[in-house]
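# Summary of structural features
Chain residues, written in single-letter form:
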Amino acid sequence: MTATAESAAPRTSAPSGPAPKAMRRDRAKINWWLTALVAVCSLTVLIPLYLAVVTALKTPDQLGGTGFELPVGARWENFAEAWTTVKFPRALLNTALVTVGAVLLTLLTNSMVAYAIARNLHRKFFKGLYLYFIAALFVPFPIILLSVVKETAILGLDNQLGLILLYTVYGLSFNIFVYVAYIRSIPLELEEAALTDGASTWTIFWRIIFPLLGPMNATVGILTCLWAWNDFLLPLVILSDPAAQTLPLAQFIFQGQFNTNYPVAFASYLLALAPLLLVYLFAQRWVVSGVMRGSTK
């Protein structure tokens, strides 16, 4: 009886040969137009980076020509001169203090605000608040520049603390936009189950929601880090103490009225680039993951 049932059962045929080959051919296809576009776009980054490295290793009398020529004998002393001229350790410490503070405060506050809006977006007040933050994305900073400078001076925030607060506030609009899209993709059932077990709203956020925001936290964190580390305008108009200068401000010393020491200047730029490059190489996979997840619901 068993043998008859087994013989009567339908047999699944093995996959034929052409199908896997066709799949392999589809996978082997290369979009040459897209590849060429990526290659051309990569040159917009690689060529300036090459020029920066080559210029940093030259002497001032080797700066003629097209600029693409290799240096005749690398002059590593440019980096030592840039280190002392910019007072690099102090400027690096100031920049790191502002950047780390801005990143931490942004992640803590912006994520909480976005969570409150995302879970109450059906209410008119929170809907209007969300639209208000999105509308702030279209306000150019120079329009409010003068008022910001006056307010920070009156409140005594023309220092590193004021910079940290400004980076946190001015990044709020974009960060809420990406946070809300990501939080709304998190199932409500997780929070409902925690509420059933007696968890409070704070417990739900810190124990459930915030850990799930890992990819988006990496995205917001690295974007805030890039902004605070490289920004020149806000430190220029806010900081009143020369000892509190960040790296972009300290490097402005090379921009003379009649002469600019380009090799030493580019050496200082490469020194400032190195720490941030390490941070981005460490966090870039979370940045890409956060962008992709945040774009879908």
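Residues numbered from 1 in each chain as written. Predicted model: local features only at pLDDT ≥ 70, side-chain atom pairs only at ≥ 80, totals over all residues. Heavy atoms only, no water.

### Side note on the pattern of salt bridges
Once their charged atoms are close, side chains differing in charge can pair, the charge on each being opposite to the other. Per the counting criterion, the structure on display carries one salt bridge. As a salt-bridge pair, Arg 119 and Glu 191 come within 2.6 Å of each other at their nearest N and O atoms. A residue pair is termed long-range when its members are at least 10 positions apart, and Arg 119 in the loop between helix 5 (88–118) and helix 6 (124–135) and Glu 191 in helix 10 (residues 188–196) qualify at 72 residues. Grouping residues by exposure puts Arg 119 and Glu 191 together as buried. (Salt bridge = Lys/Arg side-chain N within 4 Å of Asp/Glu carboxyl O. Helix = DSSP H or I, 4+ residues; strand = E, 2+ residues; numbered from the N terminus. Buried < 20%, exposed > 50% of the residue type's maximum accessible area, 1.4 Å probe, protein only.)

### As for the environment of Lys 150
Along the chain, Lys 150 turns up in helix 7 (residues 141–154). The exposed category is assigned to Lys 150, whose relative accessible area is 52%. C-alpha of Lys 150 to C-alpha of Ile 238: the two residues are 88 residues apart in sequence and 9.2 Å apart in space.

### What to know about the confidence of the model for the protein chain
Detail in the predicted coordinates should be disregarded across regions flagged by low pLDDT. Put simply, the protein chain has an average pLDDT of 83, and 85% of its residues get 70 or more. Within the protein chain, no element has a lower average pLDDT than helix 1 (residues 2–8), which sits at 45, and none a higher one than helix 5, at 94. Low pLDDT, under 50, characterises residues 1–17; the predicted model gives this stretch zero contacts beyond four residues in sequence or across chains. (pLDDT = per-residue confidence, 0-100. Contact = heavy atoms within 4.5 Å.)

### A short note on the packing of aromatic side chains
Per the stated rule, a full pass over the model turns up twelve aromatic pairs. Each ring, one from Phe 125 and one from Phe 126, has its centre 5.3 Å from the other, and the planes form 85 degrees; the classification is edge-to-face. Accessibility expressed as a relative area gives 60% for Phe 125, which makes it exposed. Following the ring pairs from residue to residue traces out a cluster consisting of Tyr 115, Phe 205, Trp 206 and Phe 210. (Phe/Tyr/Trp six-rings, centres within 6.5 Å; stacked < 30°, edge-to-face > 60°.)

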